[in-house]
Amino acid sequence: MQIREAAVDDWPRIWPFWHRIVAAGDTYTWDPDTSEEDARALWMSPAKQVYVVEDDTGAVVASAYLTPNYGGPAVRIANAGFMVDPDRAGLGLGRLLAEHVLAEARAAGYRGMVFNAVVETNPAVKLWTSLGFEVLGTVPEAYEHPRHGRVGLHIMYRAL
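All of the points below concern the structure found in this document. (Residues numbered from 1 in each chain as written. Predicted model: local features only at pLDDT ≥ 70, side-chain atom pairs only at ≥ 80, totals over all residues. Heavy atoms only, no water.)

## Side note on the pattern of salt bridges
Rule in force here: We define a salt bridge as a side-chain nitrogen of Lys or Arg found within 4 Å of a carboxyl oxygen belonging to Asp or Glu. Secondary structure counts use DSSP, requiring at least four H or I residues in a row for a helix and at least two E residues in a row for a strand, with both numbered from the N terminus. A simple rule labels every residue: compare its accessible area, found with a 1.4 Å probe on the protein chains alone, to the largest value its type can have, and call it buried under 20%, exposed over 50%, or partly exposed in between.
Considering all chains together, one arrives at nine salt bridges under this definition. Salt-bridge contacts for aspartate 10 lead to arginine 4; the nearest nitrogen and oxygen are separated by 2.8 Å. The partner of arginine 13 in a salt bridge is glutamate 54, with the nearest N and O atoms 3.2 Å apart. Placement of the pair is arginine 13 in helix H1 (residues 11-24) and glutamate 54 in strand E2 (residues 49-54), with a sequence separation of 41 residues. Owing to a relative accessible area of 32%, arginine 13 belongs among the partly exposed residues under this scheme. Overall, the relative accessible area of 13% leaves glutamate 54 in the buried class.

In structure tokens, the structure reads:
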């Protein structure tokens, strides 16, 4: 596996799993009907540092972005998003990519990382807590989950 900065021409390899994950409606707060053009603008924004994981065949199997969560005097608090191709779930790619992005955030001078809306039923909550994130609070019944009904959204934080 290789983690590298994403290039513009990586988007067509990210989009299939990005779309599949968001359309499922159970982990991201983005509209499940997000168009490819809008998805690209969300994920590949120039304000974001985007990474991809390539497997041994060169296939893009995961992606993440790193960006400031706030501006001005709070610009040193990062935000990030992570997606692993569902066909590759359970192989440790999420942890590998998360450790990489956390190291990149520290190297870029961020002092902490916050996740603003983690669906409380998202299996990645276990990963984030194992990496030192804590739940600062939960907005109750804020998310209409397709299988679980109304569930909360965690606000999670970790110092870097």
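## Concerning the nonpolar core
Stated precisely, the cut-off is as follows: Here the nonpolar core consists of buried residues drawn from Ala, Val, Leu, Ile, Met, Phe, Trp, Tyr and Cys, with membership extended through side-chain atoms lying within 4.5 Å.
One finds Phe82, Val101, Met113, Phe115 and Trp128 to be the most contacted residues of the largest nonpolar core, which totals 25 residues. Put simply, the parts of the chain that give this core at least two residues each are E2, strand E3 (60-68), strand E4 (77-84), helix H3 (93-107), strand E5 (112-119) and helix H4 (124-130). By size, the runner-up hydrophobic cluster in this structure holds 17 residues, among which are Trp15, Val22, Trp30 and Trp43.

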